[in-house]
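Architecture at a glance
Each chain is listed here by its residues.
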Amino acid sequence: MTSTTGDWCRECAAVVAFYVIGGFGALILVLSIVVGDLLPHGAIESLDVTDGYLSTAALGGFAGAFGLAGAVSVASGTPTWAAVVIGVLVGLAVGVGAGYLVRVLKNGPEQAAPSGADLVGASATVVSAIPEGGFGEVSVTVNGIRRKVSARADRPFATGDRVRVTHSLSPTAVRVATAAPQDSL
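Below or above, wherever it landed, is the structure these notes cover. (Residues numbered from 1 in each chain as written. Predicted model: local features only at pLDDT ≥ 70, side-chain atom pairs only at ≥ 80, totals over all residues. Heavy atoms only, no water.)

Comments concerning the overall build of the protein
Scanning the protein for helices and strands turns up 4 helices and 5 strands. Secondary structure elements in the protein, listed N-terminal to C-terminal, are α-α-α-α-β-β-β-β-β. Taken across its 185 residues, the protein has 31% of its residues classed as buried. Accessible surface computed for the protein: about 11,100 Å², of which carbon and sulfur atoms make up 66%. (Helix = DSSP H or I, 4+ residues; strand = E, 2+ residues; numbered from the N terminus. Buried < 20%, exposed > 50% of the residue type's maximum accessible area, 1.4 Å probe, protein only. Areas by Shrake-Rupley, 256 points an atom, 1.4 Å probe, with all protein chains shown as cover.)

Here you go:
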């Protein structure tokens, strides 16, 4: 069965409509992720009344997936009513997934930067020479978080030397000593 020009125009209009909806959804998704952090705190979140499940990212994901799935369905010959159903189902799956991810990320634990006491026992690299009796700086990584803190030592250390944190002097200062040979590797 061949399609008439009128059928082709209706299909074309449906595809364009789905693409516009999908593009608008993708724009909302990108804006909620990128610009949401640039706006005053709570400007985007004030639209969310469901603790993350109906966030702007979830709405953008729904609309984007709805539009894309609908456009692909109509373009492949599916009737428009079926393309709407397919778009809603795919949009719901993506929207719920995006809402869940936003909620998990929003309510997840925040990892605080390690303090001086957390650094004891860690190996570090001298980034500012430590003079005898004075302070220098070391860079130390604990739990995947890199921190630069003031350091004091019983002997001088040059920039680039590997050392081990032995004591916490304050939340931002430590005492270091020569690293064990296995720490230098």
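Observations concerning helix 2 (residues 56-75)
With 20 residues, helix 2 should cover 28 Å at 1.5 Å per step; its first-to-last C-alpha distance of 28 Å lies within 8% of that length. Gly77, located one to two residues past helix 2, shows a positive phi value of around 100 degrees. (Expected span 1.5 Å × (residues − 1).)

Examining the pairing of strand 3 (residues 145-153)
Two elements, strand 2 (residues 135-142) and strand 3, share 8 bridges in a ladder whose sense is antiparallel. Paired with Val138 across the bridge in strand 3 is Val149. Counted along the chain from strand 2 to the antiparallel partner strand 3, the turn is 2 residues long, and its residue Asn143 has a positive phi close to 55 degrees. Bridging between strand 3 and strand 5 (residues 173-178) involves 4 bridges; their strand directions are parallel. Residue pairing across strands places Arg152 opposite Arg175, the latter belonging to strand 5. (Pairing = 2+ DSSP bridges.)

Treat this as a map of the structure, not an account of what it does.
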